[in-house]
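Single-letter residue listing:
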Amino acid sequence: MSYLTAQPAERILLGPGPSPVPQRVLRALSAPTLGHLDPQYLTIMDETCAMLREVFGTKNALTFPVSGTGMAGMECCAVNLVEPGDEVIVCVNGVFGARMKDVMERCGAVVHALEAPWGEGYTIEQITAKLDQHPKAKVFAIVQAETSTGALQPLEGIADVVHARGALLLVDAVTSLGGHELKVDAWGIDAIYSGTQKCLSCPPGLSPVSFGDRALARMDARKTKVQSWYLDVSMLRKYYTGGSGAGGGRVYHHTAPINMTYALREALVMVLEEGLDARIARHAAMHQRLRAGLADLGLGYIPSRSLHSLNCIRIPEGANDGAVRGRLLTEYGIEIGAGLGVMAGKAWRIGLMGHGSNVRNVDLVLAALRNILK
Ligand SMILES: *Cc1c(COP(=O)(O)O)cnc(C)c1O
């Protein structure tokens, strides 16, 4: 008799994440578990953070993987940057913007939502007008890659108008890091979070974050304790960035997810071996290949400015949403995403993230859709 009734099959993960994980990363995950204060592990963590800086495009010392998935990174940024009563502006044009608003409200923030139709982005003029309407806003939060709608939000220039009004720029880069252009320092981003299981092609479980000097100054000036013990950066930084003294001055806070760090380090090595620019170009090329093939099938996109990592397409008239996705999974082993929120039943979401963004997968999902829809 077996206690187990299901075993993980080798799916082709073309949904909104997780993305396919290369064997190299899975092998790294299975290396011997070290202690979280073992000098070898601290070296591995330091190397991981150094590569994260490179991929984020930042020199921020406080760059590290939060223990937890992307949502933990979102909460980490919110709880550390916001005190009860603070005014913040959150851009809400999809599920993740809406979540950010919810998380901010749970921190006691007074949230002013800048709404846009799902699938649309924001112009600098809209952002400036909202900032001027709420001059006391301390944080301006925006999603670069809105996975629920597939819309890309350009970020260049936003920091100038945000900083000119004394606010901090917080960015959700969960579905963009490692797949889309992202320059934390050059674009003036003060705080940012991402995830491992999207364009980095690592299993879910860590959330890379980075905080710049303005964000640090805001945290140091807090009058109240951070609401979350687990995500309190004033304590976490004593472990992740260390200091002088024995063990590099590292102070135990919680046991880091040791083996996940090995996996992330390997995934980052793969990003840098390919080259960040080449990787971003590959995501763009595979998006174009898919877009052209979908057009041949008569399938169109919902967002006006689409992500390369996530393709949100309109379900054609007469197609049965659940049945098509079910057949893709059972007959072809392909996972794609359903519509989320107001897009439920209206959209399919095809992720081409990290390791999964290749010619084989694009042509396979197109062929499978052609067979199923005919
Ligand atoms: C996936 C995602 C998240 C949440 O990440 P989890 O790893 O599921 O916790 C947050 N924001 C965006 C834009 C995402 O795509």
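Residues numbered from 1 in each chain as written. Predicted model: local features only at pLDDT ≥ 70, side-chain atom pairs only at ≥ 80, totals over all residues. Heavy atoms only, no water.

**Focus on the domain arrangement of the protein**
- Taken domain by domain, the protein holds domain 1 (12–16 + 276–373) and domain 2 (23–271).
- On a C-alpha basis, the centres of domain 1 and domain 2 stand 27 Å from each other.
- On the domain 2 side, the residues contacting the 23 residues of domain 1 number 27 residues.
- Taking both partners together, domain 1 and domain 2 bury about 2100 Å²; carbon and sulfur atoms supply 62% of that area.
- Among the residues domain 1 hides against domain 2, the three largest losses belong to Leu276, Arg279 and Leu307. Together they make up 27% of the total.
- The tally of links from domain 1 across to domain 2 stands at zero salt bridges.
- Taken together, the elements giving at least two residues each to the side of domain 1 that touches domain 2 come down to helix 10 (276–296) and strand 11 (310–314). (Domains from an automatic or database assignment. Contact = heavy atoms within 4.5 Å. Buried area = accessible area lost by both parts, 1.4 Å probe. Salt bridge = Lys/Arg side-chain N within 4 Å of Asp/Glu carboxyl O. Helix = DSSP H or I, 4+ residues; strand = E, 2+ residues; numbered from the N terminus.)

**Some words on the pairing of strand 10 (residues 206–211)**
- The buried fraction of strand 10 is high, at six of six residues.
- As paired strands, strand 2 (residues 62–67) and strand 10 are joined by six bridges and run antiparallel to one another. Residue leucine 62 lies in a different strand from strand 10, and its bridge partner there is phenylalanine 211.
- Pairing of strand 9 (residues 191–193) with strand 10 involves three bridges; the strand directions are antiparallel. The residue of strand 10 that forms the bridge with isoleucine 192 is serine 210. (Buried < 20%, exposed > 50% of the residue type's maximum accessible area, 1.4 Å probe, protein only. Pairing = 2+ DSSP bridges.)

**Re the site of the ligand**
- Contacts to the ligand come from Thr69, Gly70, Met71, Phe96, Val143, Ala145, Thr147, Asp172, Val174, Thr175, Gln197 and Lys198.
- Here an oxygen atom of the ligand sits 2.8 Å away from a polar atom, N or O, in the main chain of methionine 71.
- For the ligand, an oxygen atom lies 2.9 Å from a polar atom in the side chain of threonine 175.
- Protein coverage of the free-state accessible area of the ligand, which is 380 Å², stands at 90%.
- Across the shell around the ligand, the residue classes break down as five nonpolar, five polar and two charged. (Near = heavy atom within 4 Å. Polar contact = N/O pair within 3.5 Å; in protein donor to acceptor, adjacent residues only side chain to side chain. Areas by Shrake-Rupley, 256 points an atom, 1.4 Å probe, with all protein chains shown as cover. Nonpolar A, V, L, I, M, F, W, Y, C, P; charged D, E, K, R; others polar.)

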